[in-house]
Amino acid sequence: MKINSVVIVGGTHGNESTGVFLYNKLKNQLTSFKGIKINYLLSNPKAAKECKRFIDHDLNRSFAHKDLNNIEKTGYEFNRAKAINSFIGPKGNPSTDFIIDMHTTTANMGVSVILVEQNPLNIRLAAYLSSKIKDLKIYSIGASAYMGDNDHSFLNSVTPHGFSLEVGPIANGIVRGDILQMTENTINHTLDFLQAHNNNTLGDLPETVEIFEHEKKISYPVDENKMITAYIHEEFEDKNYLPLKKGDPIFKTMNNEIIYFEEDKIYYPVFINEAAYYYKKTAFSLTTLNKIKVPQV
Ligand SMILES: [Zn+2]
């Protein structure tokens, strides 16, 4: 299918200021690209104004069908999700063809393109971006691994095509030139890809693409009062997308006791020490690395 309309979303997490800044910058500068209509959405304006991740509930966990269709689910973000779904969706039969949802991370993850669906267009785009942007990573958070069913809750699950873009490391609430440029650069390459896709001028893509597949989250150790009792071991800090093996140190406790990774399988950790996940006690997530065949047309 042709991609005729793209929505670029900022501020889904109100304290990820890069997306808010780029929303304000780009909305008047880039309204179409070689035949593709580009719309903009400041998805969580109240949280952006207060520089908070969310007001009542994480907006980027509010787009499951079961919540969009549940009138009992209220509060600022659930209501906002329903309004956004009517504006750019509805999920299942959307008026928009493609979503780019801009996020940042406090973890040392560089540029990560997060897919919720591995359909042919998304995989071809993943291969294209991987070939154009050095060190860019493709991280797939499929519904079954993340939600336990097929009802994904991310904003960009409203359309089958698109991704959320995570760039970091950056503290919440601030803007930095390098992070802005990496975000804009990825958007520009994406628009180039979509235009070439529409016009059948893409040329050869790599035969395979490396995709990090979400497997599970790992929590911090806590005491009986649910207070965190350990921190990320200094040797493990920043080691996103690098293999984690049995015997590698992952935590150090208040008593200087080292906690080692105990699983036999090799995983690739992501979101190590992400600030936004402390309230959920999540220390990092684990992925497996797969080489996926790129569909050629
Ligand atoms: Zn975010």
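Residues numbered from 1 in each chain as written. Predicted model: local features only at pLDDT ≥ 70, side-chain atom pairs only at ≥ 80, totals over all residues. Heavy atoms only, no water.

**Topic: the coordination of the zinc ion**
Note on metal sites: the ideal angle is 109.5 degrees for four tetrahedral donors, and 90 or 180 degrees for six octahedral donors. Which entries qualify depends on this criterion: Here a donor is an N, O or S atom found within 2.8 Å of the metal, or within 3.2 Å if the metal is Na, K or Ca; sites may look incomplete because water is not among the atoms. Here a site with four donors is tetrahedral if all angles are between 85 and 135 degrees, and a site with four or six donors is square planar or octahedral if opposite donors are over 155 degrees apart and the other angles are between 65 and 115; anything else gets the irregular label. Secondary structure counts use DSSP, requiring at least four H or I residues in a row for a helix and at least two E residues in a row for a strand, with both numbered from the N terminus. Exposed residues in this analysis have more than 50% of their type's maximum accessible area, buried residues have under 20%, and partly exposed residues fall in between, with area computed by a 1.4 Å probe over protein chains only.
Every protein donor of the zinc ion is accounted for by His13 (ND1), Glu16 (OE), Glu16 (OE) and His103 (ND1), and the metal-donor separations fall at 2.0 to 2.4 Å. Coordination at the zinc ion comes from 4 donor atoms whose angles at the metal span 57 to 150°, giving a geometry best classed as irregular. Sequence positions of the donors to the zinc ion reduce to the motif H-x2-E-x86-H. Residue His13 is located in the loop between β1 (5-10) and α1 (17-26), and its partner His103 is located in strand β4 (residues 98-104); the two are separated by 90 residues in the primary sequence. Note on accessibility: His13 and His103 belong to one class, buried.

**A short note on the sheet that holds strand β10 (residues 249-253)**
Formally: Pairs of strands are assigned from DSSP output, requiring at least two bridges between the strands. Here an angle of 0 to 180 degrees is reported between the N-to-C directions of two axes, which are lines fitted to C-alpha atoms, with helices fitted over the stretch in contact.
Reading across from one edge, β9-β10-β11 is the order of the 3 strands in this open sheet, with antiparallel pairing throughout. Of all the strands in the sheet, just β9 (230-232) and β11 (258-260) have a single pairing partner and so form its edges. In this sheet, neighbouring strand axes are inclined to one another by 30° on average, regardless of whether the strands run parallel or antiparallel.

**Some details on α1**
Of all 10 residues in α1, 7 are buried, a share of seventy percent or more. Along α1, the positions that sit buried rather than exposed are Ser17, Thr18, Gly19, Val20, Leu22, Tyr23 and Leu26.

**Focus on helix α7 (residues 177-198)**
Keep this limit in mind: To estimate the expected span of a helix, subtract one from its residue number and multiply by 1.5 Å.
Between its first and last C-alpha, α7 extends 31 Å over 22 residues, near the 32 Å set by a 1.5 Å rise per residue. After α7 finishes, the residue Asn200 shows a positive phi value of roughly 55°.

**Section: the packing of aromatic side chains**
Applied cut-off: The pairing test for Phe, Tyr and Trp rings, Trp by its six-membered ring, is centres within 6.5 Å, and the orientation test on the planes gives stacked under 30 degrees, edge-to-face over 60, and tilted for anything in between.
Evaluation of the coordinates by the stated rule reveals 13 aromatic pairs. With a centroid separation of 5.7 Å and an interplanar angle of 45°, the aromatic rings of Tyr220 and Phe251 are classed as tilted. Taken together, the residues span a long stretch of sequence, with Tyr220 in the loop between β8 (208-219) and β9 and Phe251 in strand β10 at a distance of 31 residues. Relative to Phe284, the ring of Phe236 lies with its centre 4.9 Å away and its plane at 75°, an arrangement referred to as edge-to-face. Placement of the pair is Phe236 in the loop between β9 and β10 and Phe284 in strand β13 (residues 282-293), with a sequence separation of 48 residues.

**A look at the packing of helix α5 (residues 120-132) against α7**
Stated formally: To sort the angles, those under 35 degrees are grouped as roughly parallel, those over 145 as roughly antiparallel, those from 65 to 115 as roughly perpendicular, and the leftovers as oblique. Crossings are sorted by hand: turned counterclockwise from the far helix by less than a right angle, the near helix makes the crossing left-handed, and turned clockwise it makes it right-handed. Throughout, a contact is declared for two residues whenever any of their heavy atoms are within 4.5 Å. When residue character is reported, Ala, Val, Leu, Ile, Met, Phe, Trp, Tyr, Cys and Pro are called nonpolar, Asp, Glu, Lys and Arg charged, and the others, Gly included, polar.
Between α5 and α7, the shortest axis-to-axis distance is 10 Å and the interhelical angle comes to 130°. Relative to α7, the element α5 lies oblique. Considering only the axes of α5 and α7, their crossing is right-handed. Contacts between α5 and α7 involve Leu121, Arg124, Leu125, Tyr128, Leu129 and Lys132 from the first element and Thr186, His189, Thr190, Asp192, Phe193 and His197 from the second. Of the residues assigned to the contact of α5 with α7, the class counts are 5 nonpolar, 4 polar and 3 charged.

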